[in-house]
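# Descriptive analysis of the structure
This is what each chain is made of:
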Amino acid sequence: MGLEMEAVPAAAAVAAGEQGVEIYPLSRYYFGAKDAAAAPRGVETPADRALRLKANFAAHGLRTSVHGVLLVELFDHPHVLLLQVRNSSFVLPGGRLRPGEEDVQGLKRKLSSKLSIVDDGEADAEDEDDWQVGECIGMWWRSEFEAIPFPYMPPNFRTPKECIKLFLIRLPMSRQFIVPRNMKLLAVPLSQIHNNAQVYGPVISGIPNLLSKFSLNVISD
């Protein structure tokens, strides 16, 4: 069981007020590997992570993370591209913004770092401009550094510690993805992540609901 996706004519989508998103087959994309990225934060102890986050908050204030939702087609169903770290946790491509960095600029930098041949500090303007960052489709908030994120600001939030923003990435018909060797890039069906917070967490498992306002036009070979 899952979400039944049906191609909607462009005119009907416009009439219904929907925004169309074209999704291309996974077979049109090339996947390669590059040197391993820096050790994932997951190897930190909870105490070390808490101290690091508190120090960053004291120095820079609210932490803002930006992530991209990349869609492909497989078996006539939309799939989301997720990074798997150490064969365990799943994350969306993206990461934390630098102090004063704009959302779109920072997301392009992070996408180039995680999914292109370049490294985080070596991405050039040409590579970063190759990413078409679309709408911000969702925002999540953490009240504390280790708290579960909420898709809204609860009334008891005094000083939120992190804002997580999700942007829809409109992929071209084909491109190559170069992923660090200590990560895997997996195509996961929307029907599998839908309401599956136990495996994918509240942010990723909420993506199918966020995409419900779009007309997902699957373009098969």
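Residues numbered from 1 in each chain as written. Predicted model: local features only at pLDDT ≥ 70, side-chain atom pairs only at ≥ 80, totals over all residues. Heavy atoms only, no water.

The chain goes by Pre-mRNA cleavage factor Im 25 kDa subunit in an unreviewed UniProt entry, where it is assigned to Urochloa decumbens. The record held by UniProt for the chain lists under Subunit (unreviewed entry) the comment "Homodimer. Component of the cleavage factor Im (CFIm) complex." (UniProt positions renumbered as here; feature names shortened; annotations may be inferred.)

## Digging into the overall build of the chain
For the chain, the helix and strand inventory stands at seven helices and eleven strands. Counting across all 221 residues of the chain, residues that qualify as buried make up 44%. Considering only contacts in the chain between residues 6 or more positions apart, those separated by 24 or more positions represent 72%. (Helix = DSSP H or I, 4+ residues; strand = E, 2+ residues; numbered from the N terminus. Buried < 20%, exposed > 50% of the residue type's maximum accessible area, 1.4 Å probe, protein only. Contact = heavy atoms within 4.5 Å.)

## Things to note about the pattern of salt bridges
Taken as a whole and assessed by the stated rule, the structure comprises seven salt bridges. For Glu162, the salt bridge goes to Arg142, with nearest N and O atoms at 2.8 Å. Remark: Arg142 occurs in strand 7 (residues 133-142) and Glu162 occurs in strand 8 (residues 162-169); sequence separation between them is 20 residues. A residue is classified by how much of its surface remains accessible, and Glu162, at 9% relative accessible area, is buried. Judged by relative accessible area, Arg142 falls into the buried class, the value being 18%. Where Lys161 meets Glu144, a salt bridge forms, and the shortest distance between an N and an O atom there is 3.7 Å. One end of the pair, Lys161, is in the loop between strand 7 and strand 8; the other, Glu144, is in the loop between strand 7 and strand 8, and 17 residues separate them in sequence. Each of Arg63, Arg142 and Glu162 takes part in a single network of salt bridges with overlapping partners. (Salt bridge = Lys/Arg side-chain N within 4 Å of Asp/Glu carboxyl O.)

## Description of the state of the cysteines
Considering all chains together, one arrives at zero disulfides under this definition. This cysteine, Cys136, is not joined by any disulfide, and Cys163 carries the nearest cysteine sulfur, 7.8 Å off. With relative accessibility at 34%, the residue Cys136 sits in the partly exposed group. (Disulfide = S-S within 2.5 Å.)

## What to know about the nonpolar core
One finds Val80, Leu166 and Ile207 to be the most contacted residues of the largest nonpolar core, which totals 23 residues. Elements supplying a minimum of two residues to this core: strand 1 (19-23), strand 3 (63-74), strand 4 (77-85), strand 7, strand 8, helix 5 (190-193), helix 6 (197-205) and strand 11 (214-218). Discounting chain neighbours no more than four positions away, the residues touching Ile207 are Val69, Val80, Leu92, Leu166 and Ile193. Judged by nonpolar contacts, the second largest core, of 20 residues, contains Tyr24, Val72, Leu81 and Leu107. (Core = buried A, V, L, I, M, F, W, Y, C linked by side-chain atoms within 4.5 Å.)

## Examining the packing of aromatic side chains
The final tally for this structure, using the stated rule, is five aromatic pairs. Taken together, a centroid distance of 5.7 Å and an interplanar angle of 45° make the contact between Tyr29 and Phe177 tilted. Here the residue Tyr29 occupies a position in the loop between strand 1 and strand 2 (30-34), and Phe177 occupies one in strand 9 (residues 176-180), the gap between them amounting to 148 residues. As far as the burial class goes, Tyr29 and Phe177 line up, both buried. Connected via pairs of aromatic rings, a cluster forms that spans Tyr29, Phe31, Trp131 and Phe177. Above the ring of Trp131, the side-chain terminus of Arg175 is found at 3.9 Å from the ring centroid. The ring of Phe177 has Arg175 lying over it, and the distance from NZ or CZ to the ring centre is 5.7 Å. (Phe/Tyr/Trp six-rings, centres within 6.5 Å; stacked < 30°, edge-to-face > 60°. Lys NZ or Arg CZ within 6 Å of the ring centre and 35° of its normal.)

## Description of helix 3 (residues 103-115)
Here helix 3 spans 18 Å end to end across 13 residues, near enough to the 18 Å set by a 1.5 Å rise per residue. Judged by how many residues are buried, helix 3 sits mostly within the fold: ten of 13 residues are covered. For helix 3, the complete set of buried residues consists of Gly106, Leu107, Lys108, Arg109, Lys110, Leu111, Ser112, Ser113, Lys114 and Leu115. (Expected span 1.5 Å × (residues − 1).)

## What about the confidence of the model for the chain?
The pLDDT averaged across the chain works out to 85; a share of 82% of its residues lies at or above 70. A low-confidence stretch, residues 1-8 stays under pLDDT 50, and its non-local contacts, those more than four residues away or across chains, total 14 contacts. Here residues 10-16 is a poorly scored stretch, pLDDT under 50, and it has three contacts once near neighbours within four places are set aside; other chains count. (pLDDT = per-residue confidence, 0-100.)

## Some thoughts on unusual backbone geometry
Within the chain, Phe75 stands out as a residue other than glycine whose phi angle is a positive 55°. Considering the arrangement of structural elements, one finds Phe75 in the loop between strand 3 and strand 4. The exposure class of Phe75 is exposed, given its relative accessible area of 72%. You will see that Asn195, though not glycine, has its phi angle at about 60°, which is positive. Relative to the helices and strands, Asn195 resides in the loop between helix 5 and helix 6.

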